[in-house]
Amino acid sequence: MIEFIDARWADILFRSYQHSSLVIQSLLLATVIAVALAVLVTSCRRLTPVANAVSAVGLTIPSFALLGLLLPIVGIGTVPSVIVVSFYAALPVLRNAVVGLQGVEASLIESARGQGMSGAAVLWRVRLPLAWPVIMTGIRVSAQMAMGVAAIAAYALGPGLGTYIFTGLTQVGGANALNYALVGTLGIIILALILDALLVLLSRFTTSKGIRA
Amino acid sequence: MNQTTATAPDGSGAQLELVDVVKKYPGQSRPAVDGLSLTVPAGQTVMFVGPSGCGKTTSLKMINRLIEPTSGQILIDGEDITGQDATQLRRSIGYVIQGGGLLPHMSVAENIGLVPGLLGWDKARTKGRVEELLEMVGLDPAVYRDRFPRELSGGQQQRVGVARGLAADPPVILMDEPFGAVDPITRQRLQDELMSIQEELQKTIVCVTHDIDEAIKLGDQILILREGAEIAQYGAPEEILAAPADDFVADFIGSGSKLKQLSLLRVGDLPLSQPQTCRVGESVDEVVRRVEAAGERSVVILDAQNRPKEYLFLRSLKRHQTVPVFSHELQTVVDQRSTLSDALDAMLVSSHGGAMVTGGSRGDYLGVISYDTVTEHIRTLQTQTGQIRAVPSAGWEAS
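Residues numbered from 1 in each chain as written. Chains lettered and ligands numbered in written order. Predicted model: local features only at pLDDT ≥ 70, side-chain atom pairs only at ≥ 80, totals over all residues. Heavy atoms only, no water.

If you check an unreviewed UniProt entry, chain B appears there as ABC-type quaternary amine transporter from Nesterenkonia cremea.

Quick note on the threshold: UniProt positions are given in the numbering used here, feature names are shortened, and annotations may be inferred rather than shown by experiment.
You'll find chain A entered in an unreviewed UniProt entry as ABC transporter, permease protein, with Nesterenkonia cremea given as the organism. According to UniProt, the comment filed for chain A under the heading Sequence similarities (unreviewed entry) is "Belongs to the binding-protein-dependent transport system permease family."

So, in structure tokens, the structure goes:
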């Protein structure tokens, strides 16, 4: 095992970097899309149950199946990986953003409007900052999930540590099969823990002291 | 009205006029507000009172168009505001709500500086204004500026709420049950402060309350509404107490309107007694000698700024060498503008049967109002049965 890692550490680091990069970029994309959707959905009450249903049902679609469905449309490589990871990452963020935005007291919003804040100002300076801790929690859940989903992306020849796991699985019984699978899996777990710690820091840094738990 | 405007200080109130204002919600047969017409003279405080659901809050919110009127005109300084941009309009109307309505993720300074920020004031000007307002509402800027709302007591949050409403020096200020969420003693103090601020600034204030005593105390005019925001009576507190228009109004102001008149009388209208005083830091022996020579058993302790700090029996004072510094909040202090009913409340927690009276914006000590003086006064009121007592005008009608 140590020899295995020793022989490939440059490759492992590079794939770890690719894996993280895929997850973080997809997470950013997913957050932007999900928060935008949540803003849209919470301003139109009839859409809210729809959004909740989508985020619940969406998570039941096997990621492997979704990837398979995408391959004939967008081909192999990075593009299907980003789409699949973003899709799954968006769902918890969407759900939390809807909950967070709905949790902002109506009286506070009215008070802000009563001071002369425009609709956009209320959104950017009141609703989003107040919903932010809840949205951040959703982002952390998404980050963990995206780490796992990104491994599946290797099936479509996407970047990252998933390739190691697939290599291990296709060589079952072979000399390094177990090493490949273990290094891939443990690597993803370590990356997930590091990312989560960073997100906790980010959350503290970006949440007003006035509403921090 | 023009005279008032001409003599009033800069940035003071504007005349507010509602003309046949109607609010009808779809699917409801009766309008919530059915043709309300009303003129509020510049610089006056009008209290909207009435049973819940009478449309008083709806009427208030139509003035800053948080609720859009279905028809009718609302004029500020003669200008119809129903066609103006609502967001711009609200920046020129102060808005204070129950509990303060502070934004929890913003500091005290950010909350107060909200409207100046929206109006594009530069940072230095906003900062200066925030300090000025914090001083005005009795909060030390150095201590409270950077705090967050959750680090403040209910009363302090409400003070910041009032400061925020005043921030951009708007001519009209709307208040929706401003002191409904604080305890009675804090409420009384906030009311006193609002009155002294109003005396100085002379804004046009429209204030919704369910508390008739608050209305009597704060209002230059009281508007009593019944369902559909129909005017039951509109007039000065003393008129309404003296001659309720009908049974509805009489029921609403409640029984014991003699006692209610205690809410019309100010502490400063009655003679104050002058018990012995001493300063923080004085030698206790000397103070005791002086007080005993005067034949008294207790003494009022003042600080260097002449503010009352404690009202102590000599036997409690004798435990110390020099007169100590007291930093706790006193509940037995009333402003000279406080009503007699507030003073009675304060006396109830005092062991001396009296409350210390302060005046001016810095809270200078003036004397002590005793329980006996007040009961004496109630007795004279009672002997004048049937005859409505004219309200002493000291500082009251003048504002």
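There is more to say, and it comes next.
## Things to note about the packing of aromatic side chains
Just so we agree on the cut-off: Stacked, tilted and edge-to-face are the three classes applied to pairs of Phe, Tyr and Trp rings, where Trp contributes its six-membered ring and a pair requires centres within 6.5 Å; stacked means planes under 30 degrees apart, edge-to-face means over 60, and tilted covers the rest. Helix and strand assignments follow DSSP, with helices taken as H or I runs no shorter than four residues and strands as E runs no shorter than two, numbered in order from the N terminus. Partly exposed residues are those whose accessible area sits between 20% and 50% of the maximum for their type, while under 20% is buried and over 50% is exposed, using a 1.4 Å probe and protein chains only. Lysine NZ or arginine CZ positioned within 6 Å of the ring centre and within 35 degrees of the ring normal marks a charge as sitting over the ring.
A complete count under the given rule lists six aromatic pairs over all chains for this structure. Each ring, one from F4 of chain A and one from Y164 of chain A, has its centre 6.4 Å from the other, and the planes form 75°; the classification is edge-to-face. Residue F4 of chain A is located in helix α1 (residues 2-43), and its partner Y164 of chain A is located in helix α7 (residues 162-170); the two are separated by 160 residues in the primary sequence. Judged on exposure class, the residue F4 of chain A and its partner Y164 of chain A are both buried. On the basis of an interplanar angle of 20° and a centroid distance of 6.4 Å, the ring pair of F248 of chain B and F252 of chain B is categorised as stacked. Here the residue F248 of chain B and the residue F252 of chain B both occupy positions in helix α12 (residues 247-253), the gap between them amounting to four residues, near one helical turn. Cation over ring: R315 of chain B sits above F313 of chain B, and NZ or CZ is 4.8 Å from the ring centre.

## Concerning the UniProt feature "domain: ABC transmembrane type-1" (unreviewed entry) in chain A
What UniProt calls "domain: ABC transmembrane type-1" (unreviewed entry) maps, in this numbering, to residues 16-199 of chain A. Here residues 16-199 of chain A runs as 82% helix and 0% strand, with 18 Å between its end C-alpha atoms.

## Overview of the sheet that holds strand β11 (residues 277-279) of chain B
Residue and element names in this part refer to chain B. The cut-off we apply is this: Pairing between two strands requires that DSSP report at least two bridges joining them. Note on method: axes are straight lines fitted to C-alpha atoms, helices fitted across the in-contact stretch only, with angles between N-to-C directions ranging 0 to 180 degrees.
Overall, mixed pairing links the three strands, which are arranged β11-β12-β13 in an open sheet. Lying at the two open borders of the sheet, with one neighbouring strand each, are β11 and β13 (308-313). Averaged over all neighbouring strand pairs, the angle between strand axes comes to 30°, with direction disregarded. Note: β11 against strand β12 (residues 298-302), three bridges, orientation parallel. Its bridge partner lying in β12, C278 is registered against I301.

## Details of the pattern of salt bridges
The test is simple: Here, a salt bridge means any side-chain nitrogen of Lys or Arg that lies within 4 Å of a carboxyl oxygen of Asp or Glu.
Taken as a whole, this structure holds 18 salt bridges over all chains when the rule is applied. A salt bridge links E110 of chain A to K61 of chain B; the shortest N-O distance between them is 2.8 Å. Taken together, the residues span two chains, with E110 of chain A in helix α5 (residues 106-114) and K61 of chain B in helix α2 (residues 56-63). A residue is classified by how much of its surface remains accessible, and E110 of chain A, at 23% relative accessible area, is partly exposed. A residue is classified by how much of its surface remains accessible, and K61 of chain B, at 13% relative accessible area, is buried. Linking R226 of chain B and D246 of chain B is a salt bridge whose minimum nitrogen-to-oxygen distance equals 2.9 Å. With R226 of chain B in strand β9 (residues 221-226) and D246 of chain B in the loop between α11 (237-242) and α12, the pair connects residues that are 20 residues apart, well separated along the chain. On the basis of relative accessible area, R226 of chain B is assigned to the partly exposed category, the value being 23%.

## Side note on the nonpolar core
Stated formally: Throughout this description, the term nonpolar core refers to a set of buried Ala, Val, Leu, Ile, Met, Phe, Trp, Tyr and Cys residues connected via side-chain atoms within 4.5 Å. Here, residues are in contact when the closest pair of their heavy atoms is within 4.5 Å.
Ranked by size, the top nonpolar core spans 44 residues in total, and within it V84, I135, I139, M147 and L199 of chain A carry the most contacts. Broken down by element, the residue count for this core peaks at 12 residues, all from helix α6 (residues 119-152) of chain A. Every residue in contact with I139 of chain A, bar those within four places of it in the chain, is listed here: L27, T31, V93, W132 and L199 of chain A. The next biggest cluster of nonpolar side chains, apart from the first, holds 42 residues, and it includes I112, A163, I212 and I216 of chain B.

## Remarks on unusual backbone geometry
Residue and element names in this part refer to chain B. With a phi close to 60°, R65 is a non-glycine residue in the positive phi region. You can see R65 is positioned in the loop between α2 and β4 (71-76). In the Ramachandran plot, D169 falls in the positive-phi region, its phi being about 55° despite a non-glycine side chain. You can see D169 is positioned in the loop between α8 (154-166) and β7 (172-176).

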